[in-house]
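# Results of the structural survey
Chain by chain, the residues run as shown.
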Amino acid sequence: MATEVNYSKPDHYFRTEIPNIVFDLGIHPQALALYGYYKRVAGDESGCWRSNATITKQLGMSANTIIKYRKELCKPHQLLGGKSLIKSTNRKTEKGSPDTVLVQIVDIWRDNGDFYRNKESSKGTSKSEGGVPQKVREGTSKSAHKEEPFKKNPLKKNIAQSAKAASQGADFSYSRESGKFEGISPEDLADWKIAYPDTDISKEIIKATQWLKSNPNKANKRLWRKFLVGWFTRCNDKAENKKAYRSQSGQSEDRRTKNVDGTAVNSPADGLF
């Protein structure tokens, strides 16, 4: 006998609802995509504790991009009566070191409803939104206001633009979950091999990941390109210094006993002292 599954949660629990007014705030498409992600994770009453590394892996944005547009989402908006879309709180561990950021969704549903109710009520007058009088047809109470043509859902377009921009502009990062660098392009590897000819780039990347695994408190950096470039520079400088030392120490000089004519001999007994 098959067991009947009883779903206790309503259907709207499994979807993300975004107030329409968010699309009228003029925020960047990547900020819109990040807001949708936070809204999905946190809902209206909870919070999002996920790290930048986790969001980078799931959303395709670099850590720097996430930080940039999280700040934009925290800015107040006039259409929302001075409210912001999210609240961001920096958390710390018990030892006082930086931890993940707590993001909470600001409730703007009432502001959303008031904005569009006022917008609809203004359409019922003899003036348009811009204050220009409209002609009224004889024999009818309807104005000559033309309805706007059907528009495609802007959310899909904005999210697609955000994903495209993220794939083009996102820099690589280090994932604590996988313990590897993610997003390093073949062009980066080729440039590094030219810039640091005395360094085995692939081997040093593995060494850098092992160092980060051994020092997890150092693995929450933001500028990963700067970290790796500094690592390669130090390795290359060490290799160049070794070459210079060998050259100056004269290790290549033949110091064997020599004859009068300057030719070297293999045994001191064969040479002249």
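As the structure is a prediction and not an experimental result, all values here were calculated from the model.

## Some words on the environment of Val 22
For Val 22, the position within the fold is in the segment before α1 (29-42). Counting along the chain gives 86 residues from Val 22 to Ile 108, while the straight-line C-alpha distance between them is 9.3 Å. Beyond its immediate stretch of four places on either side in the chain, Val 22 contacts Ile 27, Leu 32, Tyr 35, Leu 85 and Ile 108.

## Some points on the packing of aromatic side chains
Two aromatic rings, taken as a pair, are described by how far apart their centres are and by the angle between their planes. This structure, assessed with the given rule, holds 13 aromatic pairs. Ring geometry for Trp 224 versus Phe 227: centroids 5.6 Å apart, planes at 85 degrees, classification edge-to-face. Remark: Phe 227 and Trp 224 occur in helix α8 (residues 224-249); sequence separation between them is three residues, near one turn of the helix. For the residue pair Trp 224 and Phe 227, the accessibility class agrees, reading buried in each case. Here a set of aromatic residues connected by ring pairs shows up, and it is made of Phe 172, Tyr 174, Phe 181, Trp 192, Tyr 196, Trp 211, Trp 224, Phe 227, Trp 231 and Phe 232.

## Some remarks on the sheet that holds strand β2 (residues 86-92)
An order of β1-β3-β2 is seen for the three strands of this open sheet, with the pairing classed as antiparallel. A strand with exactly one partner marks an edge of an open sheet, and here the two such strands are β1 (47-48) and β2. Direction of pairing for β1 relative to strand β3 (residues 98-105): antiparallel, over a ladder of two bridges. Looking at β3, one finds that Gly 47 is bridged to Gln 104. In this fold α1 packs onto β1, β2 and β3, with an angle of close to 90 degrees to the strand it touches most, β3.

Here is what the cut-offs are and how they apply
Residues numbered from 1 in each chain as written. Predicted model: local features only at pLDDT ≥ 70, side-chain atom pairs only at ≥ 80, totals over all residues. Heavy atoms only, no water. Helix = DSSP H or I, 4+ residues; strand = E, 2+ residues; numbered from the N terminus. Contact = heavy atoms within 4.5 Å. Phe/Tyr/Trp six-rings, centres within 6.5 Å; stacked < 30°, edge-to-face > 60°. Buried < 20%, exposed > 50% of the residue type's maximum accessible area, 1.4 Å probe, protein only. Pairing = 2+ DSSP bridges. Axes fitted to C-alpha atoms, helices over the stretch in contact; angles between N-to-C directions.

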